[in-house]
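As a plain string of letters, each chain reads:
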Amino acid sequence: MLLTLLKLVQSLVSTLHSEGTPRQIGIGLALGAALGLTPIANVHNLAILALLMVLNVSFGAGMLGWLVFTPVGFLLDPLFDRVGHRLLVETPALTPLWTRWYDSALMPWTNYDNTIVLGSFAAWLVLFVPIAVLGGWAVVRYRETWGARFQATRWYRAVTASKAYNLYRVFVP
Amino acid sequence: MRPIRWSGLIPLALLLGLLAVGWTVFGDRIVQSVVAEAASDALGTEVEISGLRLSLADSKVTISRLQIADPRDPMRNLVDAGPLLVDLEAEPLLERKIVISRLAVRGGRNGTRRSRAARVPRNGYLQRTLADVDRFRDQFRVPLLQLVPLDTIRDVLLDPMQLVTVQRAIALHHRADSAKDATAEKWRALALRTTYDTARALVEKYRGVRPVSLGIAGTRTAVRDVRATLAEVEAAKGRVERLHRTVRAGIDSVEDAVRDLDSARRADYAFARGLMKLPTFEGPELGNALFGDVAIDRVAQALYYARIAERYVPPGLMPRETPGPERLRRSGATVAFPIAPSRFPQLHLARGDVEFEVPDAAGRTARYVAVVTDATSEPALVGRPMVVRASRVERGGAVGSVRLHAVMDHRGRVPRDSLVLTAQGIALPRLPLPGLPLAAMPGAGTSGLTVRRVGDALTARWVLRSGALDWAVDTVARFAVASDGADTRHGQARRFVERLVVRVLTGVEDLSLDARVTGTLAAPTVQVNSNLDDAVASSLRGVIGEEVRKAELRLRAKVDALVEERTAPLRAQVADARLDAERRVAEARAELERRRQELEAQLRALGGQVLALPGAATAPAMP
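Residues numbered from 1 in each chain as written. Chains lettered and ligands numbered in written order. Predicted model: local features only at pLDDT ≥ 70, side-chain atom pairs only at ≥ 80, totals over all residues. Heavy atoms only, no water.

## Focus on the overall build of chain B
So, point 1. In terms of helices and strands, chain B carries twelve helices and 21 strands.
So, point 2. A sequence separation of at least 24 residues applies to 66% of the contacts in chain B between residues at least 6 apart.
So, point 3. Counting every atom, chain B has about 32700 Å² of accessible surface; 57% of that belongs to carbon and sulfur. (Helix = DSSP H or I, 4+ residues; strand = E, 2+ residues; numbered from the N terminus. Contact = heavy atoms within 4.5 Å. Areas by Shrake-Rupley, 256 points an atom, 1.4 Å probe, with all protein chains shown as cover.)

And the structure:
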């Protein structure tokens, strides 16, 4: 628990004070939100992880997004279940699509036919842009207001001096 | 700014490499754990898999050992088999569907002991199926073999109020009392005494009076008074007659109700006879009582396995929702969509060859082979019914044969299942007889079980023949019977009947049994006939029939006595009421007639003398 909290803090600090642009941080955050909002053991999360590594976005923001949105995912599961059920069962216009996917190669392995998986993925798609925009805006505001003051603190210097921070620097664009 | 971070490819490659290594090292264990957990959840009992090896290149899976725990006994296995070899088709796997072209199972056994207790959820699928089958079994009304002795009459009829006749007699008694009070009130209302007194007074007033002394006016008044009184007397007579008719009708009604008590008495005879639990000695009842339970067990077992298979071979083709996988987060629901006709079913076992061993009734382990074809979750898609064939394999010549042929046709909405199981020349299982310290040991014989189900309708037949019938006495049950009420006349009489039945049965050396189950799954009935029924029935009838007849006569006498105790006073009450009514009416009629005659005589006297008076032309006319 303590380690998770420490990682969260380091991730937050490194992201906010990295050289990444707000857009990179916002998109990284939005991609990481997928890992938290949807059930983790699914194929699409491998793709999200690959995108975080390969795209020129903030990996730290992605990890931060994962950590922040995981409890949100747990809390919103009943809503995701309803959304998934509405899409899978109660929308006749989509049934031919689902039926086609059911008989296609690889698509069934994405577990799209589970209400929680589909509902949370659909919710993430809808929230991707707002999370990215809000995340970028929040970083800009932070850097304009608290950023400089925080960088001067002893605590910040201690965090950034840690070896873990050096490893994070590998992913700073 | 470059959109692609090429340096990120390195950790990505490392991650994929790590996953590949992890799969290579742990993949088999992961699949084994996932399959075991999924199977445990599906069946509702612990499924243990050991030694699973997955070869994706060959699309093969081998399993060293498969254990499915018995949900009723956590230390026992329902199925213990191994090794298993599974040939999968590769293309359906891409669609997350499992099509097994061939399954080979060796070394299957039933009832092996486990090394540790299984984890069995309380309301798993197998347990729910067992509970369903128990409920099916409980629907049958199998009569108990009644060998209760005949001296229980006094224990039965302690409370006369149980008899309908007595209850009705008491109600009639109250009704008669009410009628009597009402009649007395009506008699008083007639006020006949007043009429009598008025008439007598008038007669006395004008007795010996001459019209000359009254004068014409006085005589007219006298005549008018006499006529008025006469009319009153006539009116009173009319009231008496009407009241008589009413009272008579009421008494007739009560008398009719008393006569109707006889029909209630017949119902009381039947009620008391039912309480007595007289011995069963009619053929069909005996057959059901002796073999009903074992016959139902045979059918119930077939139904049990059919219900298990039905969960995975459901009828029809339709979208289905099932609970999602268990995880930290909510499971949600997983929706299965209709599969296109040209595509693969979700699960299909094209052919399975199973070898298994089962201990027979003689305690020897017999080997069987079974072939299962087209077991699938989408029978309508596959287009062929699921077929199971099994037979017994003996080394060194055939000693006996057991054959099974079962078909589950769930291609349409209405399931059609059938099962034919025949066994010849093998040791048939022991058949305990309920209510008796005996078990039938058919020995080597033939047995045939046929079960057919179309939708909810069920027909089944179990035939058993044996020419080497032997008997085993259940010493525990015999001791319990012998010691129960040993010193009482009741206990002695019951043991006499039981000894007779046991003597008759143990003298029979062959067994021919025919049990039929018909009806629906919700309302089944069983009918069992056997050669033992007639043997026992005729001997019971010979010995006990006379005793039963005497017991029935005593029973009727007892019921008659209890009923007579209530109905005799009632009949007397009704007779008294009738006599009293007739007496009153006769008295009233006589009195009123006397008064009428006196008044008419008085009128005549007044009228005759008036004619002798001067001016008699104006005298009133004679009535």
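## Remarks on the nonpolar core
Residues and elements named next belong to chain B.
So, point 1. In this structure, F291, W462 and L505 are the most contacted members of the largest nonpolar core, which totals 70 residues.
So, point 2. Broken down by element, this core gets its largest block of residues, ten residues, from helix α8 (residues 283-312).
So, point 3. Discounting residues that sit within four places of it in the chain, L505 has contacts with L433, L436, L438, W471, L532 and V536.
So, point 4. L190, Y196, L230 and V240 belong to the second largest nonpolar core, which has 33 residues in total. (Core = buried A, V, L, I, M, F, W, Y, C linked by side-chain atoms within 4.5 Å. Buried < 20%, exposed > 50% of the residue type's maximum accessible area, 1.4 Å probe, protein only.)

## Some words on the interface of chain B and chain A
So, point 1. Opposite the 35 residues of chain B that make contact, chain A presents 44 residues.
So, point 2. For the pair chain B and chain A, the summed buried surface comes to about 3200 Å²; carbon and sulfur atoms form 57% of the total.
So, point 3. Looking only at chain B, the three residues that lose the most surface to chain A are R5(B), R329(B) and F337(B), adding up to 28% of its buried area.
So, point 4. The interface formed by chain B and chain A contains four salt bridges.
So, point 5. Across the pair D77(A) and R329(B) runs a salt bridge, and its minimum N-O distance is 2.7 Å.
So, point 6. Counting across the interface, chain B meets chain A through 26 residue pairs in polar contact (both at pLDDT 80 or more).
So, point 7. If you list the elements that add at least two residues to the side of chain B that touches chain A, you get α1 (9-43), α2 (90-94) and β9 (333-336) of chain B.
So, point 8. Ranked by residues supplied to the side of chain B that touches chain A, first place goes to α1(B) with five residues.
So, point 9. Partitioned by chemical class, the residues of the side of chain B that touches chain A number 19 nonpolar, six polar and ten charged. (Buried area = accessible area lost by both parts, 1.4 Å probe. Salt bridge = Lys/Arg side-chain N within 4 Å of Asp/Glu carboxyl O. Polar contact = N/O pair within 3.5 Å; in protein donor to acceptor, adjacent residues only side chain to side chain. Nonpolar A, V, L, I, M, F, W, Y, C, P; charged D, E, K, R; others polar.)

## Describing helix α5 (residues 164-190) of chain B
Residues and elements named next belong to chain B.
So, point 1. Relative to the 39 Å expected for 27 residues at 1.5 Å per residue, α5 spans 39 Å between its end C-alpha atoms, a close match to the ideal helical length.
So, point 2. Listing the buried residues of α5 in full gives T165, V166, A169, L172, A176, T183, W187 and L190.
So, point 3. A191 lies just past α5 and shows a positive phi near 55°. (Expected span 1.5 Å × (residues − 1).)

## Description of the sheet that holds strand β16 (residues 438-441) of chain B
Residues and elements named next belong to chain B.
So, point 1. Taken together, the three strands give an open sheet; going across it, the order is β15-β16-β19, and neighbouring strands pair in antiparallel fashion. Of all strands in the sheet, those with a lone pairing partner are β15 (431-433) and β19 (470-473), marking the two edges. Between one strand and the next, the sheet's axes are offset by a mean angle of 30°, whatever the strand orientation.
So, point 2. As judged from the three bridges shared by β15 and β16, these two strands associate in the antiparallel manner. Note that in β16 the partner of L431 across the bridge is A440. (Pairing = 2+ DSSP bridges. Axes fitted to C-alpha atoms, helices over the stretch in contact; angles between N-to-C directions.)

## Some words on the confidence of the model for chain A
So, point 1. Considering every residue of chain A, the mean pLDDT works out to 84; 77% of them sit at 70 or more.
So, point 2. Mean pLDDT values over the elements of chain A span from 59, in helix α9 (residues 163-169) of chain A, up to 94, in helix α5 (residues 77-88) of chain A. (pLDDT = per-residue confidence, 0-100.)

## Concerning unusual backbone geometry
Residue and element names in this part refer to chain B.
So, point 1. In the segment running from G82 into P83, the intervening peptide bond is cis, with an omega of 0°.
So, point 2. Within the element layout of this structure, P83 appears in the loop between β5 (73-81) and β6 (84-88).
So, point 3. Not every positive phi belongs to a glycine, and S59 is a case in point at roughly 55°.
So, point 4. Tracing the sequence through the fold places S59 in the loop between β2 (53-55) and β3 (60-63).
So, point 5. Positive phi, close to 60°, is recorded for R96, a residue that is not glycine.
So, point 6. Note on placement: R96 falls in the loop between α2 and β7 (98-109).

## Considerations on the confidence of the model for chain B
Residues and elements named next belong to chain B.
So, point 1. Summing up the model confidence of chain B, the mean pLDDT is 81 and the portion of residues at 70 or higher is 84%.
So, point 2. Within the model, pLDDT remains below 50 along residues 615-623, and this stretch shows 15 contacts once partners closer than five positions in the same chain are excluded.
So, point 3. Among the scores for the predicted complex, ipTM is 0.75 and pTM is 0.62.

## Examining the packing of helix α4 (residues 59-75) of chain A against α5(A)
All names here are of chain A.
So, point 1. Close contact between α4 and α5 brings their axes to 5 Å; oriented N to C, the two are set at 65°. Taken together, the residues of α5 that come into contact with α4 (itself represented by G73, F74 and L75) are D77, P78 and F80.
So, point 2. Split by residue class, the contact of α4 with α5 holds four nonpolar, one polar and one charged.

## Observations regarding the pairing of β7(B)
Residues in a regular strand project their side chains so that they alternate between the two faces of the sheet.
Residues and elements named next belong to chain B.
So, point 1. Summarising the sheet, β6 and β7 pair through five bridges and their orientation is antiparallel. Across the sheet, residue L88 finds its bridge partner in β7, namely I100.
So, point 2. Pairing between β7 and strand β10 (residues 347-359): eight bridges, direction parallel. Following the sheet pairing, I98 is matched in β10 by L347.

## Thoughts on the packing of helix α3 (residues 43-54) of chain A against α1(B)
So, point 1. Orientation of α3(A) relative to α1(B), taken along the N-to-C sense of each, is 150°, at an axis distance of 8 Å. As far as their axial angle goes, α1(B) and α3(A) are roughly antiparallel. Between α3(A) and α1(B) lies a crossing of right-handed hand. Contact residues: L46(A), L49(A), A50(A), M53(A) and V54(A) in α3(A); L9(B), P11(B), L12(B), L15(B) and L19(B) in α1(B).
So, point 2. Class assignment for the residues of the contact of α3(A) with α1(B) results in ten nonpolar, no polar and no charged. (Parallel < 35°, antiparallel > 145°, perpendicular 65-115°, else oblique. Left-handed = near helix turned anticlockwise from the far one by under 90°.)

## Re α4(A)
Residue and element names in this part refer to chain A.
So, point 1. Over its 17 residues, α4 extends 25 Å from the first C-alpha to the last, a length consistent with the 24 Å expected when each residue adds 1.5 Å.
So, point 2. Its maximal kink placed at F69, α4 deviates by approximately 35°, while the proline P71 follows within four residues.
So, point 3. Looking only at α4, the buried set comprises F59, G60, A61, G62, M63, L64, G65, F69 and G73. (Bend = angle between axes of the 7 residues up to and from the residue.)

## What about the packing of aromatic side chains?
So, point 1. In the structure shown here, the tally under the stated rule is seven aromatic pairs over all chains.
So, point 2. Ring centres 5.5 Å apart and planes at 65° place the aromatic pair W98(A) and W101(A) in the edge-to-face group. Note that W98(A) and W101(A) are positioned in helix α6 (residues 95-102) at a spacing of three residues, about one turn of the helix.
So, point 3. A relative accessible area of 28% means that W101(A) is categorised as partly exposed.
So, point 4. The interplanar angle of 85° and the centroid separation of 5.5 Å between the aromatic rings of W124(A) and F128(A) together place this pair among those described as edge-to-face. Remark: F128(A) and W124(A) occur in helix α7 (residues 115-151); sequence separation between them is four residues, near one turn of the helix.
So, point 5. The exposure class of W124(A) is buried, given its relative accessible area of 6%.
So, point 6. Taken together, the ring pairs connect W98(A), W101(A) and Y112(A) into an aromatic cluster.
So, point 7. Between the NZ or CZ atom of R329(B) and the centre of the ring of F74(A), over which it lies, the distance is 5.7 Å. (Phe/Tyr/Trp six-rings, centres within 6.5 Å; stacked < 30°, edge-to-face > 60°. Lys NZ or Arg CZ within 6 Å of the ring centre and 35° of its normal.)

## Notes on the pattern of salt bridges
Pairing between side chains of opposite charge can happen when their charged atoms approach one another.
Residues and elements named next belong to chain B.
So, point 1. The tally for this structure, following the rule as stated, stands at 45 salt bridges over all chains.
So, point 2. Linking R200 and D197 is a salt bridge whose minimum nitrogen-to-oxygen distance equals 2.8 Å. Residue R200 and its partner D197 are both found in helix α6 (residues 192-206); the two are separated by three residues, about one turn of the helix.
So, point 3. With a shortest N-O distance of 2.6 Å, D514 and R461 are connected by a salt bridge. Residue D514 is located in strand β20 (residues 511-519), and its partner R461 is located in strand β18 (residues 457-466); the two are separated by 53 residues in the primary sequence.
So, point 4. Counted as one network, the salt bridges with shared partners bring together E46, E48, R114, R116 and R119.

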